[in-house]
Amino acid sequence: MTRSLRRTLALLAPLFAAALMPLTASGENDPYQITRDRFRATVRAIGIEPIVIGPGAAANEGLASRIEAGVRSHVEAKGFRVVGSDDWEVRWRAASEPLGGAWNSASGEMDAERARVIREATLRALALEQGVDATLHVATARRDVATYSSFEHRLAAGDRGLTWDGEPWNAPASQRPQSVEATYLDVQIRDPAGAVLYAAGCPIRWVAIYAARTFQEIDEAEFYPAESVERALTECLDDLSGDEPGARER
Amino acid sequence: MWRTSSERSGASCARRRRIRACAVLALAGLACVWSGIEPIRDATFEPDEDERALWAEAAKFHRAIASQELLLADDELDAYLESVARRVLATLGAADAALDVRVVRNPLLNAAALPDGVLYLHTGILARIENEHELATLLGHEIAHYVRRHALAAHRANERRETGALIAASVFAVLGAAGGDPRLGTSLVGLVATPILAAQSSGYSRDLEREADERGIRGVAAAGYDPSLGIELFAILERDAAEEELNARVQDPYYYSSHPSMTERVASSREIADELRDEAPRGATARDPAWTVVGDFEARVHPLLLPTAELDLALGRRGAARRGVERLLRATPDDEAGWMMLGRIHRASLARPESFAGAVDAYENAVRCAPESADAHRELGLLYHASGAPRAREVLERYLELAPEAIDRALIESYIAGEAGSIAEPGVEP
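In this convention, every chain numbers its residues from 1, walking through the sequence in written order. Lettering for chains starts from A, numbering for ligands starts from 1, and both go in the order in which the items are written. Given that this is a predicted model, residues contribute local features only at a pLDDT of at least 70 and side-chain atom pairs are listed and counted only at 80 or more, while totals for whole chains, interfaces and linings are drawn from all residues. Side-chain measures were taken over the full set of non-hydrogen atoms in the model, leaving aside hydrogen atoms and water.

### Section: the overall build of chain B
Moving on, step 1. Within chain B, the regular secondary structure consists of 19 helices and 3 strands.
Moving on, step 2. Every one of the 430 residues in chain B was classed for burial, and the buried ones make up 55%.
Moving on, step 3. Residue contacts are defined here by distance: any two heavy atoms, one from each residue, within 4.5 Å place the two residues in contact. When contacts within chain B are restricted to residue pairs at least 6 apart in sequence, those whose partners lie at least 24 apart make up 71%.
Moving on, step 4. Accessible areas in this description were obtained via Shrake-Rupley with a 1.4 Å probe; residue shielding takes into account the shown protein chains only. Accessible surface, chain B: about 18000 Å² in total, of which carbon and sulfur atoms supply 55%. Think of it this way: any DSSP run of H or I at least four residues long counts as a helix, any run of E at least two long counts as a strand, and we number them from the N terminus. Any residue under 20% of the maximum accessible area for its type is buried, any over 50% is exposed, and the rest in between are partly exposed; the area is computed with a 1.4 Å probe on protein chains only.

Next up, the structure:
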């Protein structure tokens, strides 16, 4: 371990101590960025954008389809009409082909301006042809949980050692971890103007732990256990049910 | 002199109102005397020992706001706001006191006076205010907090929350906003990075808020403004509260928390305004010389309307965005940028037939106002194309004429070539 990393971890230690404190009020974050009533009045049909798998994409083939199936099932159960990502892709291609695609063939990088035009045409077509009011963007990411208070409830420390969602870590109780990284499911519902109407990020599972002088990391193929993904999906989209239209705000 | 029974009743009501007002001010005054807090009177004012800590926190806040480039740079607007503020300040017995009015780019309805005499006004609340009388009422309330040193009073009384801690927490929130909560997303970072204003406007007890209302309105009337027009501010805020569009985390802060309820405020403010009207020169109205304004409020506030609408739209507050743009267009119906913005607002809900029609109307007006605008032709042409309107081809071709190097040229040409295959009317279920 380099000196700079040790210094960084030492700096993180107090943060982590705070993260281990019990969460007194879970679920205090409201994913709605506008009122629930207005959300329900505004959004009736949701288009799913292609799911973006961040870490461990190559080792988890079929994960995007699995997640989309779960998302669709959750969102439909909440009473919204869902338009799948295949519809998105058809319209994206239709707008993309005349322009030669969103990627710069010379540099191999995305051409931001062309991508903006294609995205705008896709959203317009989805709105006018499919009645889509908002799109659902779903992505996975890897983050340091110590910096995010909403993950405290997954961490527990006691005489018998440390656990994440009840699973023990192989570190002695005396060696509190300085840093824990986890995979996340991020969900955003955006209107066609780009405003975020609903946003949630939920942990899937821990993937790396730095504790004292030890470091543990799991294989990328284990980044997304089905039951953990389902739990994250439920957690992220559970609020979407909200109250009935016209009901009082929380 | 003979009086009708209603006049007698009115006079008696006015007397009761005066007695009640005196009681409120006397109680507030007594509270200040008990806590040893004298109002600020002039530029020689020196803060108490414990007040210096509040000023230090306020200074940190100013630096944070400045470093995030949230301040609006409009010298003319600043000068105008300060002239109105100073006019009110003089009537509150502190003519020469330090005062600095700053405008923050933020669409939420909020304003606050910090203990060191810096007043922050959000562009959102300025864009909602309709005249100088209302502006003076808003400033009067905040200046009353400042002159009466309510931050210190709250700090000493430790009323539920400790003001110093609030300021510190707010500064931390400003500085730490980019770290954010992963569940909140990042769209609001920067837009809501001024929670100290919420803290300042919600951190006072109801009694202090009432006192600020009472003294503010009296000061505003003494400064030559029409209090009955000024208190329409509260009615606007009350109406907007009913249409409040954000969640609990980022809601418009001005009329929440410990502020007395807007209904209560409107009622009590109206009583004071009525009483002041009784005392005003007979028949005085806003049009009479008895009530005067110092500048052209509309002209000063107009440049704020479009940027504020833009921020509202980014927050998903389409109603607020639309109201701002429509206000602009009522005053300047040939403003192409206003029509383009209105079109964008409608496009955010294009699946609704009424929004589609609204967008077409907005872009038709934009083309009318700016016949050489490529963007206006593009948007209008795309909507015509979507609805199969016969003019789609002509308008899209005009767009390509006006913007021959357009990045979407090939896409537009494909639309023109396939005009027969235009997409369905909006609102049609698949």
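### Digging into the sheet that holds strand β3 (residues 118-122) of chain B
All names here are of chain B.
Moving on, step 1. Across the sheet, 3 strands lie side by side as β1-β3-β2; this open sheet has mixed pairing. Either end of the sheet is taken by a strand with one partner, and the two such strands are β1 (100-104) and β2 (111-113). On average, each strand axis in the sheet is tilted by 15 degrees relative to the strand beside it, whichever way the strands run.
Moving on, step 2. Note on pairing: DSSP must find at least two bridges between two strands before they are called paired. Pairing between β2 and β3: 3 bridges, direction antiparallel. Opposite A111, over in β3, you have L121 as the bridge partner.
Moving on, step 3. The angle between two axes is taken between their N-to-C directions and runs from 0 to 180 degrees, where each axis is a line fitted to C-alpha atoms and a helix contributes only its stretch in contact. Along the sheet face, helix α5 (residues 132-147) touches β2 and β3 and points at about 145 degrees away from the line of β3.

### Considerations on unusual backbone geometry
Residue and element names in this part refer to chain B.
Moving on, step 1. The phi angle at E69 is positive, at roughly 55 degrees, despite the residue not being glycine.
Moving on, step 2. Mapped onto the fold, E69 is located in the loop between α2 (49-67) and α3 (75-91).
Moving on, step 3. A relative accessible area of 59% places E69 in the exposed class.
Moving on, step 4. Look at R149: it is not a glycine, yet its phi comes out positive at around 55 degrees.
Moving on, step 5. Looking at the element boundaries, R149 is found in the loop between α5 and α6 (150-157).

### Regarding helix α17 (residues 374-387) of chain B
All names here are of chain B.
Moving on, step 1. Between the first and last C-alpha of α17 there are 20 Å, a value that for 14 residues agrees with the 20 Å anticipated at 1.5 Å per step.
Moving on, step 2. In terms of burial, α17 is a largely internal element, 12 of the 14 residues being buried.
Moving on, step 3. Of all the positions in α17, only A374, A376, H377, R378, E379, L380, G381, L382, L383, Y384, H385 and A386 are classed as buried.
Moving on, step 4. Polar contacts, as counted here, are pairs of nitrogen or oxygen atoms within 3.5 Å of one another; within protein the pair requires one atom able to donate a hydrogen and one able to accept it, and residues that are adjacent in sequence qualify only if both atoms are side-chain atoms. If you check the start of α17, you find a side-chain oxygen 3.1 Å away from the backbone N of A376, and it comes from S373. To estimate how far a helix should extend, the number of its residues minus one is multiplied by 1.5 Å.

### Some words on the nonpolar core
Moving on, step 1. Buried Ala, Val, Leu, Ile, Met, Phe, Trp, Tyr and Cys residues form a nonpolar core when they are joined through side-chain atoms within 4.5 Å. Within the largest apolar cluster, 49 residues are counted, with the highest numbers of intra-cluster contacts made by B:L81, B:L121, B:L126, B:L135 and B:I143.
Moving on, step 2. Ignoring any residue separated from it by four or fewer positions in sequence, one finds B:L126 in contact with B:L77, B:L81, B:V103, B:L121, B:L135, B:F297, B:V301, B:L304 and B:R327.
Moving on, step 3. Counting 42 residues, the second largest nonpolar core, distinct from the first, contains A:L136, A:V187, A:C202 and A:V207.

### Points about the state of the cysteines
Residue and element names in this part refer to chain A.
Moving on, step 1. Pairs of cysteine sulfur atoms within 2.5 Å are identified as disulfides in what follows. Within the structure shown, the criterion is met by 1 disulfide over all chains.
Moving on, step 2. Two residues, C202 and C236, share a disulfide whose sulfurs are 2.4 Å apart. Its S-S torsion of approximately 130 degrees makes the covalent link between C202 and C236 right-handed. Of this pair, C202 sits in strand β8 (residues 196-211) while C236 sits in helix α6 (residues 226-237), placing them 34 residues apart in sequence. Pair check on accessibility: C202 and C236 agree, each one buried.

### Some points on the confidence of the model for chain B
All names here are of chain B.
Moving on, step 1. Every residue gets a pLDDT, meaning the predictor's confidence in that residue, from 0 to 100. With 69% of its residues at a pLDDT of 70 or more, chain B shows a mean pLDDT of 77.
Moving on, step 2. Per-element confidence in chain B is highest for helix α15 (residues 336-347), whose mean pLDDT is 98, and lowest for helix α7 (residues 163-176), whose mean pLDDT is 40.
Moving on, step 3. Low pLDDT, under 50, characterises residues 1-9; the stretch is placed with 3 contacts to residues that sit more than four places away or in other chains.
Moving on, step 4. Counting interchain partners and residues more than four positions distant, the pLDDT-below-50 stretch residues 246-253 has 29 contacts.

### Considering the pairing of β3(B)
All names here are of chain B.
Moving on, step 1. The buried fraction of β3 is high, at 5 of 5 residues.
Moving on, step 2. Burial along β3 is two-sided: the residues V118, Y120 and H122 and L119 and L121 are all buried.
Moving on, step 3. One ladder, built from 5 bridges, connects β1 with β3; its direction is parallel. Among the inter-strand pairings, V104 is bridged to a residue of β3, identified as H122.

### A word on the packing of aromatic side chains
How two aromatic rings sit relative to each other is set out by the distance from centre to centre and by the angle between their planes.
Moving on, step 1. Centre distance within 6.5 Å is the pairing criterion for rings of Phe, Tyr and Trp, where only the six-membered ring of Trp is used; planes under 30 degrees apart are then read as stacked, over 60 as edge-to-face, and the remainder as tilted. Applying the stated rule across the entire model yields 9 aromatic pairs over all chains.
Moving on, step 2. When the centroid spacing of 5.3 Å and the interplanar angle of 85 degrees are considered together, the rings of A:Y32 and A:F39 count as edge-to-face.
Moving on, step 3. Note on A:Y32: relative accessible area 1%, which makes it buried.
Moving on, step 4. Here B:F61 and B:Y120 contribute two aromatic rings whose centre-to-centre distance is 5.2 Å and whose plane-to-plane angle is 85 degrees, an arrangement assigned as edge-to-face. Residue B:F61 is found in helix α2, and its partner B:Y120 is found in strand β3; the two are separated by 59 residues along the sequence.
Moving on, step 5. By relative accessible area, which is 0% here, B:Y120 ends up buried.
Moving on, step 6. Grouping aromatic residues by their ring pairs yields a cluster made of A:Y32, A:F39, A:F80 and A:Y198.
Moving on, step 7. In this structure, A:R143 packs its charged tip against the face of A:Y184, placed 4.8 Å from the ring centre.
Moving on, step 8. Comment: the charge-over-ring label is applied if NZ (Lys) or CZ (Arg) is within 6 Å of the ring centre and within 35 degrees of the ring normal. A cation sits over an aromatic face here: B:R87 above B:Y225, 4.5 Å from the ring centre.

### A look at the pattern of salt bridges
Moving on, step 1. Salt bridge, as used here: a side-chain nitrogen of Lys or Arg that lies within 4 Å of a carboxyl oxygen of Asp or Glu. For the structure shown, the criterion picks out 48 salt bridges over all chains.
Moving on, step 2. Close ionic contact of B:E132 with B:R87 constitutes a salt bridge, the shortest N to O distance being 3.9 Å. With a gap of 45 residues between them, B:E132 in helix α5 and B:R87 in helix α3 connect regions that are remote in the sequence.
Moving on, step 3. Given a relative accessible area of 19%, B:R87 falls into the buried group.
Moving on, step 4. Shared partners join several salt bridges into a network, and the residues in it are A:E113, A:R116, A:E120, A:R124, B:R347, B:R378, B:E379 and B:D408.

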